[in-house]
Amino acid sequence: MRFPSRLSWFVLFATAGPAVFGCSAEEENRAETPWSPPVEPARKTQLIFTNEGPLTLGMREMATITVRTEPPSSDEVRFILLGDSLDATLDRVAAPMDAAGTATVTMRAPNKATKYRLRAWIKDGPEAELPVTVSSDGFATLEVVPQYKGKREVTEWTVSLLPRSTCEAVAPLLPENAPAEFVGSAPVDTPLLVEKAPVGPTIAVSVRAGHYAWGCATASGLIAGTTQTIKVNIIDKPVVVGKTDLDVTFTFSPAQTPFLSMMTAAGKSLLDGFSPADVEMASVLLDEMAARVSEQDAVLFAEARAASGWDTITKDHLAAQPMSLRAAIEGFLQTATAAPPTELAGRLTAITAVPGYGSFSPSRFGVVPADEAGMPGTHLVKIASEPGDNISTSGEIFWLPTRYVGGACKSAALEGAPEGSTMGDALATIAGCDALGQALGGFGTCDATCLAGLCQEALTARWDAAQDGSAIEGKIGLIQIFAAAGATVDDIAVPVSLQGSWLGTVTDGVIVAPIDKSPVTGVLPDLGEEMPPEPPPEPAPDPGAPEP
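What counts and how
Residues numbered from 1 in each chain as written. Predicted model: local features only at pLDDT ≥ 70, side-chain atom pairs only at ≥ 80, totals over all residues. Heavy atoms only, no water. Core = buried A, V, L, I, M, F, W, Y, C linked by side-chain atoms within 4.5 Å. Buried < 20%, exposed > 50% of the residue type's maximum accessible area, 1.4 Å probe, protein only. Contact = heavy atoms within 4.5 Å. Pairing = 2+ DSSP bridges. Helix = DSSP H or I, 4+ residues; strand = E, 2+ residues; numbered from the N terminus. Axes fitted to C-alpha atoms, helices over the stretch in contact; angles between N-to-C directions. Phe/Tyr/Trp six-rings, centres within 6.5 Å; stacked < 30°, edge-to-face > 60°. Parallel < 35°, antiparallel > 145°, perpendicular 65-115°, else oblique. Left-handed = near helix turned anticlockwise from the far one by under 90°.

Colleague: Quick one: what's the story with the nonpolar core, residue by residue and with numbers?
Modeller: By size, the foremost hydrophobic cluster in this structure holds 81 residues, and its most contacted members are Met289, Trp399, Leu459 and Ile479. In contact with Met289, other than residues within four places in its own chain, are Phe301, Leu440, Leu451, Leu454, Cys455 and Ala458.

Colleague: Residues and numbers for the sheet that holds strand E5 (residues 89-90), please.
Modeller: Strand order across the open sheet formed by 4 strands is E1-E3-E7-E5, with antiparallel pairing between neighbours. Two strands bound the open sheet, and with one partner strand each, they are strand E1 (46-49) and E5. Sheet analysis places strand E3 (residues 62-70) next to strand E7 (residues 102-108), joined by 7 bridges and oriented antiparallel. Bridge pairing in E7 links Thr64 to Thr106.

Colleague: How would you summarise the sheet that holds strand E8 (residues 114-122) if you had to cite specific residues and measurements?
Modeller: Pairing is mixed in the open sheet, where 5 strands are placed in the order E2-E9-E8-E4-E6. Only two strands of the sheet have a single neighbouring strand rather than two, namely strand E2 (55-58) and strand E6 (94-96). Averaged over all adjacent pairs, the angle separating strand axes in this sheet is 25°, with direction ignored. Examined bridge by bridge, strand E4 (residues 76-83) and E6 share 3 bridges and lie antiparallel to one another. Of the residues in E6, the one forming a bridge with Arg78 is Ala94.

Colleague: Describe unusual backbone geometry, listing the residues and the values that go with them.
Modeller: Cis peptide bonds are those with omega within 30 degrees of zero, and the linkage from Glu70 to Pro71 qualifies with -5°. For Leu86, which is not glycine, the phi dihedral falls at a positive 50°. Mapped onto the secondary structure, Leu86 falls in the loop between E4 and E5. The phi dihedral of Arg164 falls on the positive side, at around 60°, and the residue is not glycine. Topologically, Arg164 is positioned in the loop between strand E11 (156-163) and helix H2 (167-170).

Colleague: Describe the packing of aromatic side chains, and please don't skip the residues or the numbers.
Modeller: By the definition in use, this model includes 13 aromatic pairs. Plain terms: the ring middles of Phe250 and Trp502 are 5.3 Å apart, the flat faces sit at 75° to each other, and that makes the pair edge-to-face. In this pair, Phe250 is assigned in strand E17 (residues 245-251) and Trp502 in strand E24 (residues 495-507), connecting sequence segments 252 residues apart. Since its relative accessible area comes to 4%, Phe250 is described here as buried.

Colleague: Can you explain the pairing of E3? Please cite residues and give values.
Modeller: With 4 bridges connecting them, E1 and E3 associate as antiparallel partners. Looking at the pairing, Ile48 lines up with Arg68 of E3.

Colleague: Residues and numbers for the packing of helix H6 (residues 310-320) against helix H10 (residues 433-440), please.
Modeller: Taken N-terminus to C-terminus, the directions of H6 and H10 make an angle of 150°; their axes are 10 Å apart at the nearest point. In terms of orientation, H6 and H10 fall into the roughly antiparallel class. Of the two possible hands of crossing, H6 and H10 adopt the one that is right-handed. Contacts between H6 and H10 involve Trp310, Ile313, Thr314 and His317 from the former and Ala435, Leu436, Ala439 and Leu440 from the latter.

Set out below in structure tokens:
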């Protein structure tokens, strides 16, 4: 319904002369420090081994090792062997950087199998370490074949090897903190090869995809100079349901007949609360207007009402309008309750401190904002991880039928109205409050415009009170939800979307309507774009600079 604007809006602009501030001669002569841009700090020097670690060597094998600095520098680099290096040797303990910022050292492996570290450092500067593994029996190539039957999308596998260990020993640390002396990766369609796997000791071979799927197998009996295949069974990391935070939408499809009966009952309660069928609306409106003024003005209002026959004037005025208030609201109700709301939307957030529970904060019930539908801001729900990347949630959502019906009526009444219009505006237009104010004239210091405002305030107050009909009657609505949905997860198995179904019931406190299997979806909340950083302040003017 469209309705004309009832009020004119005025904007008052106030101007004032500029403020004048006095200053002393000392302040006038004080020299200000000119602004200068901040100096960027120098880049911190890094020391990096160009060899990929760990370095694997045979007994008495020679290796040339290179380190470099970023950015390039001409500092001297020092070297030392740490750990069980046995009789391993270096050809130098210090080396200068060349023009490209690199330095080299030659190392001879010891005569026995061992593990140790080569440390490089710059005096008063950065340092770096390179793990070294020496095998007494030589090395083999290990072809790692992940065996994955899960549904998660995998684009790359990462393999970690820890010699002299087993899966039983490292499993408690997987997949986040897999210990390793070798780490490599390859796309899923590329062979996952590990060259120079040490022959002799058992090796814990762990494989992961991101941090959401992993597996481990223990390799042993490698033969030097050969390639051995090892299969690793991969399992999904359970969904981290305790970090769920999604915008969830439940498609709302209750049984039509009982739900529309609820809407009929709620609509009747709303209508009778606003405009009782057996009471003259003119008297109701004037009584409500009188309740909006002060105690002193109420006396003047009553005197003018009696002396000027306001009840008759108001009755005739309302009868002359194109449509009565009751008929208009009946029309809104017919439009608003012709079908159930299509969706229940809100935010599902796990409660980290209470495993197994979360909160559902409804935002919208059909076209009606959740708070206008009488829904509390937060509801406690159960939330759990189920096999196969599924999440289940269950709970009860409270609502007030007359509040929902009132919100739906408001949506119908304000369709096509200017932005910012209220239900009070719509009701005042239907009742012709401006013209009624002119017809009544005024009382005391309250003129026709004042009376028109009281008319709108009175209609708004009656509407708000009528929407509380369900609460007054003790008819508290309840929506029961039982949902199960498949989840997609991020790198650490936190849900980023949901898609599944739900069922339950909806009641107005008397009538119950079942809800058959209906879709439910969830997506990450839209947190909005980050605000760009504020520009740096303008430099202060130099008082000594000449004017342009």
